[in-house]
Amino acid sequence: TLSIHSFPTRRSSDLDIGWFTLALIRGYQMTGNQNFLEQAKYGFDYAFGRGWDTQYNGGGIWEENPEYAAQENPPREPTKEALSNDSLGKVACMIYQSTHDGSYLTKCRQIYDWVWNHLYNSNTGQINSGIDKSGKVDTSAAAYNQGTFIDFANLVYEITGDADVYNDAKRALDYGRNSLTVNGVFSNNAGYLNTWADEMARGAGHFVRDNRLWGTYYSWMVKNADSILANRRTDLGITWNAWDKPTSTDNTLTTNKFVSAMAWLQFTPATQPGEIGGIHVITNQKTGLAIDSGGAFGNGKSIVQWGVGGSQNQRWQLTQNSDTSWNIINLSTWQALDCPNGSKTENLAMIQWQSTRDSNQRWWIDQQTDGTYKIWSQASGLALDGASSTNDGSPLIQGGWNGGSQQRWILH
């Protein structure tokens, strides 16, 4: 059984706890393993409880608590780092997504607002490295700081719909692209660096994918991917952190120095994605009503249709599986559009359920000649149907495809 309860007896930094609890909460979201969730909550609560400090700087989480930093040889000045705050902020966001426990959303936003006020340059988009007890800011910039903040901001935006946070993320991404690259390519062969740009790959990848910004960033992402491949070691197929220079062949580099290139390739599709992926409001061609979660969190809760109102209840994140089917996740409840038990019953009402990516949560989305979409269940083979109802609160049902306007959907 995976456990992190040994942390209180060790001099672990809150930054390290942040990365480990991120792995745990991601593991829970992918597998539904309850132990992963409980351990992620324990790790976050422990790190936030001991690390969030209002005596200095009005808040913020220490990278290493002052009592531990003082015991280093030589003693080290404690700082509140971008990475310790942004990584744990992401954990808080994802625990909220998974549980709807509002206390984690409060802490998520509390951490974000502190970072914005103390480490984020809202004029340039640069993320400063950290701040010490005296209030002195380390203004150095790094690709991993930029990327972690972008990913954090993207999560906050998706949960809250706060357009200012979206702009923060985009400004940080543009700063990384324009100021931390060589001719647009991330490249740094400093020997002390390990995962130099993997967080930038993750932050940029999620932000561009979710917000359908491929037209703005795809060619730049490909330029980096092409440079990675052009400069790889052909004997091992790996590329170091200096993506615009041939990878060293002296075999002294550690494994972590190749992670960033791998991550960038993971988040750069082979071809520019179309318009299906990302966040959409989905409306019925016949009635104009939007698919709506009702904001009701919990397995088995109904999915309804409602007049378009711009709430998170009506925003759905579409991500593609390896078999080209799609998962459809609501941004209010963070639960999936689900065909109950994969039933083939006509006129059956659809529900929402914790994401499992099972076949009853996989949907084929086929564009029709008029630009609308047929959305049909992998499990049942039946199509989503608005039932021709114009009443708010009407159920979303499934039926055999007949091509009628009540079965045609518009992605906004």
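Our subject is the structure that appears above.
Parameters and conventions
Residues numbered from 1 in each chain as written. Predicted model: local features only at pLDDT ≥ 70, side-chain atom pairs only at ≥ 80, totals over all residues. Heavy atoms only, no water. Disulfide = S-S within 2.5 Å. Helix = DSSP H or I, 4+ residues; strand = E, 2+ residues; numbered from the N terminus. Buried < 20%, exposed > 50% of the residue type's maximum accessible area, 1.4 Å probe, protein only. Expected span 1.5 Å × (residues − 1). Polar contact = N/O pair within 3.5 Å; in protein donor to acceptor, adjacent residues only side chain to side chain. 1 Å grid on protein atoms, 1.4 Å probe; cavity = no way out; pocket = protein on both sides within 12 Å on 5 of 7 lines; lining within 4 Å. Points joined across faces, edges and corners; volume = space filled by probe spheres on them. Nonpolar A, V, L, I, M, F, W, Y, C, P; charged D, E, K, R; others polar. Contact = heavy atoms within 4.5 Å. Phe/Tyr/Trp six-rings, centres within 6.5 Å; stacked < 30°, edge-to-face > 60°. Lys NZ or Arg CZ within 6 Å of the ring centre and 35° of its normal. Lys, Arg positive; Asp, Glu negative; His and termini not counted. Salt bridge = Lys/Arg side-chain N within 4 Å of Asp/Glu carboxyl O. Axes fitted to C-alpha atoms, helices over the stretch in contact; angles between N-to-C directions. Parallel < 35°, antiparallel > 145°, perpendicular 65-115°, else oblique. Left-handed = near helix turned anticlockwise from the far one by under 90°. Pairing = 2+ DSSP bridges.

Participant: Where do I start with the state of the cysteines in this structure?
Facilitator: A disulfide bridge is the covalent bond that connects two cysteines by way of their sulfur atoms. Scanning all chains against the criterion turns up one disulfide. Each sulfur of the disulfide joining Cys93 and Cys108 lies 2.3 Å from the other. Here the residue Cys93 occupies a position in helix H4 (residues 82-99), and Cys108 occupies one in helix H5 (residues 102-118), the gap between them amounting to 15 residues. Each member of the pair, Cys93 as well as Cys108, is classed as buried.

Participant: Just to check I follow, could you spell out helix H2 (residues 34-51) for this structure?
Facilitator: Two residues of an α-helix separated by three or four positions point the same way, owing to the 3.6 residues in each turn. The end-to-end C-alpha distance of H2, which contains 18 residues, comes to 25 Å, matching closely the 26 Å that a straight helix rising 1.5 Å per residue would cover. Residues of H2 that are buried include every one of Leu37, Gln39, Ala40, Gly43, Phe44, Tyr46, Ala47, Phe48, Arg50 and Gly51, and no others. By the N-cap criterion, in which a side-chain oxygen at the helix start approaches the backbone nitrogen of a residue two or three places on, H2 is capped by Asn33, the distance to Asn35 being 2.8 Å.

Participant: What exactly am I supposed to notice about unusual backbone geometry here?
Facilitator: If you check the backbone angles, Arg212 has positive phi at about 55° while not being a glycine. Counting through the fold element by element, Arg212 comes out in the loop between helix H8 (198-210) and helix H9 (214-230). Backbone geometry places Trp334, a non-glycine residue, at a positive phi of 60°. With a relative accessible area of 12%, Trp334 lands in the buried category.

Participant: Help me out: how do you make sense of the layout of surface pockets in this one?
Facilitator: In this approach a probe as big as a water molecule rolls over the atoms, and the regions it shows empty are the leftover space. Counted as a void, the largest pocket has a volume near 1500 Å³. Along the walls of the largest pocket sit 42 residues, with His206, Arg209, Gln317, Thr319 and Arg357 positioned nearest its centre. Top contributing element to the lining of the largest pocket by residue count: H8, with five residues. Looking at the lining of the largest pocket residue by residue, the classes come out as 14 nonpolar, 20 polar and eight charged. Roughly 440 Å³ of volume is contained in the second largest pocket. If you go around the second largest pocket, you meet 18 residues; those closest to its centre are Leu83, Tyr144, Asn194, Thr195 and Trp196.

Participant: Sorry if this is basic, but what is going on with the side chain of Ser343 here?
Facilitator: Position of Ser343 among the secondary structure elements: in the loop between strand E10 (336-338) and strand E11 (351-353). A polar contact is formed between the side chain of Ser343 and the side chain of Thr345, at a distance of 2.9 Å. Residues within four places of Ser343 in sequence aside, it is in contact with Leu348, Ser380 and Gln398.

Participant: Before we go on, may I ask you to explain the environment of Gln312 in this structure?
Facilitator: Positionally, Gln312 belongs in the loop between strand E7 (304-306) and strand E8 (316-320). Judged by relative accessible area, which is 14%, Gln312 ranks as buried. Here Gln312 is in contact with Tyr157, Glu158, Ile159, Thr160, Gly161, Asn330, Leu331 and Ser332, once residues within four sequence places are set aside.

Participant: Teacher, can you tell me more about the packing of aromatic side chains here?
Facilitator: Applying the stated rule across the entire model yields 20 aromatic pairs. Geometrically, the ring pair formed by Phe186 and Trp243 is edge-to-face, given 6.1 Å between the ring centres and 80° between the ring planes. With Phe186 in the loop between helix H7 (163-179) and H8 and Trp243 in the loop between H9 and helix H10 (259-266), the pair connects residues that are 57 residues apart, well separated along the chain. Comparing Phe186 with Trp243, the two get one shared label, buried. In this structure, Lys80 is placed above the aromatic ring of Trp62, and the distance from its NZ or CZ to the ring centre is 4.7 Å. Lys374 extends its terminal NZ or CZ atom over the ring of Trp376, reaching a point 4.6 Å from the ring centre.

Participant: Could you clarify how one ought to interpret the side chain of Glu158 in this entry?
Facilitator: On the secondary structure map, Glu158 appears in helix H6 (residues 143-160). No salt bridge is formed by the buried Glu158; its nearest oppositely charged neighbour, Arg209, is found at 5.7 Å. In this view, Glu158 contacts Asp210, Ile279, Gln312, Arg315, Gln317, Leu331 and Trp334; residues no more than four positions away in its chain are not counted.

Participant: Sorry if this is basic, but what is going on with H6 here?
Facilitator: With 18 residues, H6 should cover 26 Å at 1.5 Å per step; its first-to-last C-alpha distance of 26 Å lies within 8% of that length. Summarising burial for H6: 16 of the 18 residues are buried, a large majority. Positioned one or two residues after H6, Gly161 has a phi angle of 75°, which is positive.

Participant: Please explain the packing of H8 against H10 as it appears in this structure.
Facilitator: For any two helices packed against each other, one specifies the crossing angle of their axes together with the interaxial distance. The N-to-C vectors of H8 and H10 enclose an angle of 15°; their axes lie 7 Å apart at closest approach. Taken together, the axis directions place H8 and H10 in an arrangement best described as roughly parallel. In this structure, H8 crosses over H10, and the sense of that crossing is left-handed. Of the residues in H10, those touching H8 at Asp198, Met200 and Ala201 are Val259, Ser260, Ala263 and Trp264.

Participant: Can you help me understand the pairing of strand E9 (residues 326-330) in this one?
Facilitator: A regular strand places its side chains on the two faces of the sheet in alternate fashion. Among the five residues that make up E9, five are buried, leaving the element largely enclosed by the rest of the structure. Burial of E9 is two-sided: the residues Trp326, Ile328 and Asn330 facing one way and the residues Asn327 and Ile329 facing the other way are all buried. Where E8 meets E9, five bridges bridge the pair, whose relative direction is antiparallel. Residue pairing across strands places Gln320 opposite Trp326, the latter belonging to E9.

That's the geometry; what it means functionally is another story.
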